[in-house]
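Architecture at a glance
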Amino acid sequence: MTRVLAIYRAERFSPNSVERDKAVLDAAGERLRRLGLDVDYVGERFLTRDMDADVFLTMGRETLTNAILDAKKERGALVINTPAAIRSCARDAVDGMMRAAGIPAAPLEGDSGYWIKRGDEAAQCSADVRYAACAEERDMIVDGFIRRGVDRVVVTAHVEGDLVKFYGVLGTRFFRYFYPTDDGCHKFGDELMNGKARYYDFRIESLCRDAERLASLVGTDVYGGDCIVRSDGSYAIIDFNDFPSFSRCRDEAADAIARLVSRRACLGTVNI
């Protein structure tokens, strides 16, 4: 029997989202059990090198977690998302990839203020994502990051328009998007900076294509992100991350993740 170890994310990487993150991993594991797989769960803080499985389905982001999973992958285990992909999801790395590949990103300069964001890893608290109204405030906030010991930062101009969150599972045709101001579900309240959605018309096919291209570049099979849709229908991707909570489409996402694991583990075609 194929053994799966599902790894919960450390709470510091799930600000205001611990239960939502846990719920999607639980849902994906339940689908895999229905397929006859042996599924166990562990928090990444409790993951040890002697824990073994054929498949590691991981939300973990700790350095030790990824070191352990690097070794498991080297020995032939299937790991989703891979440690290399998790490392590549560092904000400054993703920003560089987007600009090099011509994927729409936020401009570096503008007239509506700036966003300063932690660049080395995902935001863990509200202090890791800050808005500055002007260049002087921007520079003061950057200095504050450095004093906190965060010397890798990404600074981009504020983009006006509709905030849109998107979710995908690479290679499964699963892609969904939502407006967070519709239901008020957010982490730190920064989503409110752009106000209520005006529902500007845009090409969802283009966003899906760009998101999947970015996921392929990063190597992230299970992904999510944010973009801003401008009034003219153009957009800029402002955030991209590994294994989001999929809280607005959890059941569909769990189905897609189970299909991905089944295909990658060579279990054949399945119906969830």
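For the structure itself, consult the block above.
What comes next concerns the included structure. (Residues numbered from 1 in each chain as written. Predicted model: local features only at pLDDT ≥ 70, side-chain atom pairs only at ≥ 80, totals over all residues. Heavy atoms only, no water.)

Moving on: the overall build of the protein. When you go through the protein residue by residue, the secondary structure sums to seven helices and 11 strands. Here the C-alpha radius of gyration of the protein, 19 Å, is about what a compact globule of 272 residues would show, namely 19 Å. When each of the 272 residues of the protein is scored for burial, the buried share is 51%. Sequence-distant contacts, at least 24 apart, represent 67% of the contacts inside the protein between residues at least 6 apart. Once the 39 positive and 44 negative side-chain charges of the protein are each reduced to a mean point, those two points are 3 Å apart. (Helix = DSSP H or I, 4+ residues; strand = E, 2+ residues; numbered from the N terminus. Rg over C-alpha atoms; globule rule 2.2 N^0.38 Å. Buried < 20%, exposed > 50% of the residue type's maximum accessible area, 1.4 Å probe, protein only. Contact = heavy atoms within 4.5 Å. Lys, Arg positive; Asp, Glu negative; His and termini not counted. Charge placed at Lys NZ, Arg CZ, Asp CG, Glu CD.)

Summed over the entire model, instances satisfying the criterion amount to 23 salt bridges. The residue arginine 31 makes a salt bridge to aspartate 251 at a minimum N-O spacing of 3.5 Å. Residue arginine 31 is located in helix α1 (residues 18-34), and its partner aspartate 251 is located in helix α7 (residues 250-264); the two are separated by 220 residues in the primary sequence. Two residues, arginine 61 and aspartate 242, come together in a salt bridge whose shortest N-O distance is 3.1 Å. Pair noted here: arginine 61 is in the loop between β3 (55-58) and α2 (63-74) and aspartate 242 is in strand β11 (residues 235-242), with a separation of 181 residues, a long-range link. Look at arginine 61 and you get buried, because its relative accessible area is 13%. Using a relative accessible area of 3% as the deciding quantity, one classes aspartate 242 as buried. (Salt bridge = Lys/Arg side-chain N within 4 Å of Asp/Glu carboxyl O.)

A separate point is α7. An ideal rise of 1.5 Å per residue puts 21 Å on 15 residues; α7 measures up with 21 Å between its terminal C-alpha atoms. Those residues of α7 hidden inside the fold are in contact with α1, β3, β4 (78-80), β8 (162-169), β9 (174-178) and β10 (222-229). Two residues or fewer past α7, cysteine 266 is found with a positive phi of approximately 60 degrees. (Expected span 1.5 Å × (residues − 1).)

With that settled, the discussion passes to helix α5 (residues 135-147). Here α5 is 13 residues long and its end C-alpha atoms lie 19 Å apart, about the 18 Å a rise of 1.5 Å per residue gives. Within α5, the full set of buried residues consists of Arg138, Ile141, Val142, Gly144 and Phe145. The buried residues of α5 occupy an angular sector of 155 degrees when projected down its axis, which confines them to one face. Across from the buried face of α5, at angles greater than 90 degrees, the exposed residues are Glu136, Met140 and Arg147. Glycine 149 lies just past α5 and shows a positive phi near 90 degrees. (Arc of directions from axis to C-beta.)

Another aspect to go through is unusual backbone geometry. The omega torsion across isoleucine 80 and asparagine 81 is -10 degrees, close enough to zero to call that bond cis. Along the chain, asparagine 81 falls in the loop between β4 and α3 (83-88). Residues other than glycine seldom take positive phi values, yet asparagine 16 does so here, at roughly 60 degrees. With respect to the secondary-structure elements, asparagine 16 resides in the loop between β1 (3-8) and α1. In this model, phenylalanine 243 sits at a positive phi of 45 degrees, which is unusual for a non-glycine residue.

With that out of the way, let us pick up the sheet that holds β9. One key point about sheets: their strands pair by backbone hydrogen bonds, in either a parallel or an antiparallel sense. Pairing in this open sheet of four strands is antiparallel, and the strands run β9-β8-β10-β11 from one edge to the other. If you trace the sheet from one side to the other, it starts and ends with β9 and β11, each paired once. For this sheet, the mean inter-axis angle between neighbouring strands, taken without regard to orientation, is 20 degrees. Where β10 and β11 come together, seven bridges link them in antiparallel fashion. Looking at the pairing, valine 229 lines up with tyrosine 235 of β11. (Pairing = 2+ DSSP bridges. Axes fitted to C-alpha atoms, helices over the stretch in contact; angles between N-to-C directions.)

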